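These are the residues of each chain, in order.
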2 protein chains.
Amino acid sequence: MPKAANTGKKAAKPAKQTTAKATADFTPEAGRRVTSYDVARYAGVSQSAVSRCFKEGGSVSPKTRDKIMKAVRKLGYQPNAIARGLITRRSNMVAVIIANLRFYPETLAYLTSGLNASGNHVLLFSLDHESEVDRIIDQIWQYGVDGVIAGAHLSKKQIELFDQRKIPLVFINRLYRDIAANSVCCDQVEGERILVDRLVAAGHRSFAVVTGPSDSVVSQQRISGAVERLADLGINDVRVIEGEYDYDSGRRALRELADGAGGLPQAVVCANDMMAIGCMDEARHQLGLRVPEDLSVVGFDGVMQAAWSSYDLVTVRQPMQNMVEAAVSMLLSRIERPDLAPEKRMFSGEIVEGCSARLGTSR
Amino acid sequence: MPKAANTGKKAAKPAKQTTAKATADFTPEAGRRVTSYDVARYAGVSQSAVSRCFKEGGSVSPKTRDKIMKAVRKLGYQPNAIARGLITRRSNMVAVIIANLRFYPETLAYLTSGLNASGNHVLLFSLDHESEVDRIIDQIWQYGVDGVIAGAHLSKKQIELFDQRKIPLVFINRLYRDIAANSVCCDQVEGERILVDRLVAAGHRSFAVVTGPSDSVVSQQRISGAVERLADLGINDVRVIEGEYDYDSGRRALRELADGAGGLPQAVVCANDMMAIGCMDEARHQLGLRVPEDLSVVGFDGVMQAAWSSYDLVTVRQPMQNMVEAAVSMLLSRIERPDLAPEKRMFSGEIVEGCSARLGTSR
DNA sequence: TGAGCTATTGCATTCGAATGCAATATTAGG
DNA sequence: CCTAATATTGCATTCGAATGCAATAGCTCA
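All of these numbers come straight from a predicted model, not from anything done at the bench.

**Here's the deal with the environment of His285 of chain B**
1) Next: Following the sequence through the fold, His285 of chain B ends up in helix α12 (residues 273-286).
2) Next: In this structure the C-alpha to C-alpha distance between His285 of chain B and Val352 of chain B, which are 67 residues apart in sequence, comes to 24 Å.
3) Next: Residues within four places of His285 of chain B in sequence aside, it is in contact with Ser309 and Ser310 of chain A.
4) Next: A distance of 3.1 Å separates the side chain of His285 of chain B from the side chain of Ser309 of chain A, its partner in a polar contact.

Written as structure tokens, this is what we have:
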């Protein structure tokens, strides 16, 4: 039995000390969490020794370490990350802000495992609309996260705030031309331009584009990429329909096109895959059209559903796993070295040549 | 200009004090986070006053509150949740353990907003396989979360650990018959039995069931619900194929059935919707079968994709939003009152009468 | 055996906010 | 204008782990 070491906290109140000795043990009061002091008392060492046991390269003799670890196992001690964070100023938590979670679950899955692999944890903030960001910025700050990964749009002022407060921030798929912010993106404009080029080369002459919600910058980029490229190519028959990124709004968009004056275009360019899928379903099952023979539909993202053989969507696949890995490593290196200069990494999307659009000779 | 109040910490080192006075201000050192002491100094009050300003019903005069809030805004102060958590023993964080995140993104979205609404935050642990739980249990403990919501299987020992440590734990869709654990479930067995009843009533006599991964208890429940009910009804022509919950394994399962001896069954019962969708696609696009005329396919879950008109899946819709709300409120009330008795809430699933299976007269 | 090192150990303090208690300030009542 | 009651305020301590520094133990080598 270990001897009761005289290592109560500082000048612990005599009463307390006595009580501890009276009950002659080291079992923490029921319901209270086991602390490093409990372990120290049980093992007959000081609290600092216990602390050092949990520190890489901490100076502890094998004999002491052994005693301590035995006590740790016996009492079921786990260091308190909250208390540790207070003194080390490292919470090992990363805030993840993500909009449209329901459409892009893979992104979050990749993020979580990437961050966990390096001993970090994810404090999740999910937004239904990008414009809700305000609500959560303060909370992020309060939790003292070590860094932030954002898949949502922040205002210039908000970005500057993170900069002032020296909290590393990395965006995924949000590019800021005039702000020196870290980001990992897929080139939305390039991808959309190539996609449009292919459609035009294959003979399409009348178009419709279906946008995402108006507060989505990604949607704006994709749409303007498409519209501008079409204009470059001298095509002016372009209708614009507003969507909301989801399946239903894709269906609605196609219905609107069918009902509207001028009839259906030859190709529908959607700001994401979900809406493209909605368009296809509406076209095939409500309007009795053949896709791609009567109508070409293309999307953007390369979500798993796009590859399902009912759709086999022509789309631009974002290399999301690479992008997430890049974002995580970009963030982690900035947590280690806050002085690193801001950096932007841009990946190219890959055209997926499915069967939802006539793409001409190449297939 | 507010006068520098003499409220440095305790017997602050004279040197430090002097420095502060020399620079004649209250601006915290660059890069350091603004603390309640900084605010107090700037506003000429004590740190406790600042703290009380942020406490519901804290005793502060309007005049003082005003001064303090002005300082708060000026310095951009945000209370440090970590430090607060240390003393209050409330982190306002809830751990969410979720397996198969990529298949059930809605669940997480509902959870996040439900918890945020009550001022709680989500510390996310996502698992690729349920069996990885061990890895994260310790970490949850270290972060001192106020409670846990689990959409994954824990061992009896692990559940008891949470109980001992008085951390409320609520399961979603994991039912433990012989353990008094909190849970909110959809009745998997009942749903599957009703589904099977309908299929048999509509004349199906040969079946295949496609399971989920072997470590998924939910899959086991669904499958045994189906298999046992079929046995009850005197149907023994039931093949069992192992799947992995994803689209590809659904396709693979159907191929296996088609290639195997005995040819295709009349109905394929899948442990979830994703696999059912895979089955349908494989049947229609690879094997040229008509669904439901040549083959009936049913799933379980009621995910959004199941309702897409290309599939229009017959399935059991779990009232996931209700379930999540119930789980959140169950957890929150146990955080407030840890003595509440364990409780199980069971919701019934709703049969969705789609067109992927012949269901007979009712449609 | 003893001087000179190095490896362990413990002490005391720190991180930032919350809070019981005592000391003031304010107000009401007479 | 004074007393009693109430409302504000500040002081000092607490939460649990980490860490600089000083003290001690243990070891090497002459």
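**Considerations on the protein's contact with DNA strand D**
1) Next: Taken together, 32 residues form the shell around DNA strand D, and within it Ser36 and Arg84 of chain A together with Arg52, Thr64 and Ile87 of chain B come nearest.
2) Next: Among atoms of DNA strand D positioned within 4 Å of the protein, sugar and phosphate together represent 62%.
3) Next: Within the backbone of Asn80 of chain A, one N or O atom sits 3.2 Å away from a phosphate oxygen of DNA strand D.
4) Next: Measuring from a phosphate oxygen of DNA strand D, one finds a side-chain N or O atom of Arg89 of chain B at 2.8 Å.
5) Next: Those elements giving two or more residues to the surface near DNA strand D turn out to be α2 (36-43), α3 (47-53) and α5 (81-88) of chain A together with α3 (47-53) and α5 (81-88) of chain B.
6) Next: A per-class count over the surface near DNA strand D returns 10 nonpolar, 14 polar and eight charged.

**Digging into the protein's contact with DNA strand C**
1) Next: Near DNA strand C there are 32 residues, and of these Arg52, Thr64 and Ile87 of chain A together with Ser36 and Arg84 of chain B occur at the shortest range.
2) Next: In the environment of DNA strand C, a phosphate oxygen lies 2.9 Å from a nitrogen or oxygen atom belonging to the side chain of Arg89 of chain A.
3) Next: In the model, a phosphate oxygen of DNA strand C is placed 2.8 Å from a nitrogen or oxygen of the Tyr77 of chain B side chain.
4) Next: When contributions to the surface near DNA strand C are tallied by element, the ones reaching two or more residues are α3 and α5 of chain A together with α2 (36-43), α3 and α5 of chain B.
5) Next: Looking at the surface near DNA strand C, its residues break down into 10 nonpolar, 14 polar and eight charged.

**Let's talk about the sheet that holds strand β6 (residues 207-211) of chain B**
All names here are of chain B.
1) Next: Pairing within the open sheet is parallel, and its four strands lie in the order β7-β6-β8-β9. One side of each edge strand has no neighbouring strand; the edge strands of this open sheet are β7 (238-242) and β9 (296-298). Averaged over all pairs of adjacent strands, the angle between strand axes in this sheet comes to 20°, irrespective of strand direction.
2) Next: Two strands pair when backbone bridges link them, and β6 and strand β8 (residues 267-270) are joined in this way by four bridges, in the parallel orientation. Each bridged residue has a counterpart across the sheet, and for Val210 the counterpart in β8 is Cys270.
3) Next: Contacting β6, β8 and β9, helix α9 (residues 188-201) runs over the sheet at an angle of about 175° to β8.
4) Next: The sheet contacts of helix α11 (residues 247-259) involve β6, β7 and β8, and relative to β7 the element is tilted by about 135°.

**What to know about the pattern of salt bridges**
1) Next: Tallied over the entire structure, the rule returns 33 salt bridges over all chains.
2) Next: For the salt bridge of Arg222 of chain A with Asp301 of chain A, the shortest nitrogen-to-oxygen distance reads 3.0 Å. Of this pair, Arg222 of chain A sits in helix α10 (residues 217-232) while Asp301 of chain A sits in the loop between β9 (296-298) and β10 (315-317); the two residues are 79 residues apart in sequence, bridging distant segments of the chain. Taken individually, Arg222 of chain A and Asp301 of chain A each receive the classification buried, so the pair is uniform in this respect.
3) Next: With a shortest N-O distance of 3.6 Å, Arg90 of chain B and Glu336 of chain B are connected by a salt bridge. Of the two residues, Arg90 of chain B sits in the loop between α5 and β1 (93-99) while Glu336 of chain B sits in helix α13 (residues 320-336), which places them 246 residues apart along the sequence.
4) Next: Its relative accessible area of 55% is what places Glu336 of chain B among the exposed residues.
5) Next: Here the salt bridges share partners, and the residues they tie into one network are Arg193, Asp197, Arg229 and Asp232 of chain A.

**Quick look at the interface of chain B and chain A**
Think of interface size as the accessible area that goes away when the parts come together; that is how it is often given.
1) Next: Listed by partner, the interface residues are 49 residues for chain B and 49 residues for chain A.
2) Next: Between chain B and chain A, the buried area comes to about 5000 Å², and carbon and sulfur atoms account for 60% of it.
3) Next: Considering only the surface of chain B that becomes buried against chain A, Ile82, Tyr143 and Trp308 of chain B emerge as the three largest contributors, covering 15% of it.
4) Next: At the boundary of chain B with chain A, the tally comes to 26 residue pairs in polar contact (both at pLDDT 80 or more).
5) Next: When grouped by side-chain class, the residues that make up the side of chain B that touches chain A number 23 nonpolar, 18 polar and eight charged.
6) Next: Bridge count between strand β2 (residues 121-127) of chain A and strand β2 (residues 121-127) of chain B: three bridges; the pairing is antiparallel. The residue bridging Val122 of chain A from the neighbouring strand is Leu124 of chain B, located in β2 of chain B.

**As for helix α8 (residues 156-164) of chain B**
Residue and element names in this part refer to chain B.
1) Next: Buried residues of α8: Gln158, Ile159 and Phe162, and no others. Taken down its axis, α8 places every buried residue within 100° of arc, on the same side. Of the exposed residues in α8, those oriented more than 90 degrees away from the buried face are Lys157, Asp163 and Gln164.
2) Next: One or two steps after α8, the chain reaches Lys166, where phi turns positive at roughly 60°.

**Points about the packing of helix α6 (residues 105-117) of chain B against α13 of chain B**
Two measures define how a pair of helices packs: the angle their axes make with one another and the distance between the axes.
Residues and elements named next belong to chain B.
1) Next: Packing of α6 against α13 brings their axes to within 9 Å, and their N-to-C directions diverge by 40°. Relative to α13, α6 is oriented oblique. Viewed along their axes, α6 and α13 form a crossing whose handedness is right-handed. Touching Thr107, Tyr110, Leu111, Gly114 and Leu115 of α6 are Met320, Gln321, Val324, Val328 and Leu332, all from α13.
2) Next: Of the residues contributing to the contact of α6 with α13, the split by class is seven nonpolar, three polar and no charged.

**Brief notes about the packing of aromatic side chains**
1) Next: Overall, the coordinates contain 12 aromatic pairs over all chains when judged by the stated rule.
2) Next: Between Trp308 of chain A and Trp308 of chain B, the ring centres sit 6.3 Å apart and the planes meet at 50°, which makes this aromatic pair tilted. Taken together, the residues Trp308 of chain A in the loop between β9 and β10 and Trp308 of chain B in the loop between β9 and β10 (315-317) connect one chain to another.
3) Next: The exposure class assigned to Trp308 of chain B is buried, which follows from its relative accessible area of 2%.
4) Next: Centroid distance Tyr311 of chain A to Trp308 of chain B: 6.0 Å. Interplanar angle 80°. Geometry classified as edge-to-face. Pair noted here: Tyr311 of chain A is in the loop between β9 and β10 and Trp308 of chain B is in the loop between β9 and β10, and the two residues belong to different chains. The residues Tyr311 of chain A and Trp308 of chain B share a single accessibility class, namely buried.
5) Next: Taken together, Tyr247, Trp308 and Tyr311 of chain A together with Tyr247, Trp308 and Tyr311 of chain B form an aromatic cluster joined through their ring pairs.
6) Next: Above the ring of Trp141 of chain B, the side-chain terminus of Arg33 of chain A is found at 5.0 Å from the ring centroid.
7) Next: Directly above the aromatic system of Trp141 of chain B lies the positively charged group of Arg165 of chain B, at a separation of 4.1 Å from the ring centroid.

Definitions and cut-offs
- Residues numbered from 1 in each chain as written.
- Chains lettered and ligands numbered in written order.
- Predicted model: local features only at pLDDT ≥ 70, side-chain atom pairs only at ≥ 80, totals over all residues.
- Heavy atoms only, no water.
- Helix = DSSP H or I, 4+ residues; strand = E, 2+ residues; numbered from the N terminus.
- Contact = heavy atoms within 4.5 Å.
- Polar contact = N/O pair within 3.5 Å; in protein donor to acceptor, adjacent residues only side chain to side chain.
- Near = heavy atom within 4 Å.
- Nonpolar A, V, L, I, M, F, W, Y, C, P; charged D, E, K, R; others polar.
- Pairing = 2+ DSSP bridges.
- Axes fitted to C-alpha atoms, helices over the stretch in contact; angles between N-to-C directions.
- Salt bridge = Lys/Arg side-chain N within 4 Å of Asp/Glu carboxyl O.
- Buried < 20%, exposed > 50% of the residue type's maximum accessible area, 1.4 Å probe, protein only.
- Buried area = accessible area lost by both parts, 1.4 Å probe.
- Arc of directions from axis to C-beta.
- Parallel < 35°, antiparallel > 145°, perpendicular 65-115°, else oblique.
- Left-handed = near helix turned anticlockwise from the far one by under 90°.
- Phe/Tyr/Trp six-rings, centres within 6.5 Å; stacked < 30°, edge-to-face > 60°.
- Lys NZ or Arg CZ within 6 Å of the ring centre and 35° of its normal.

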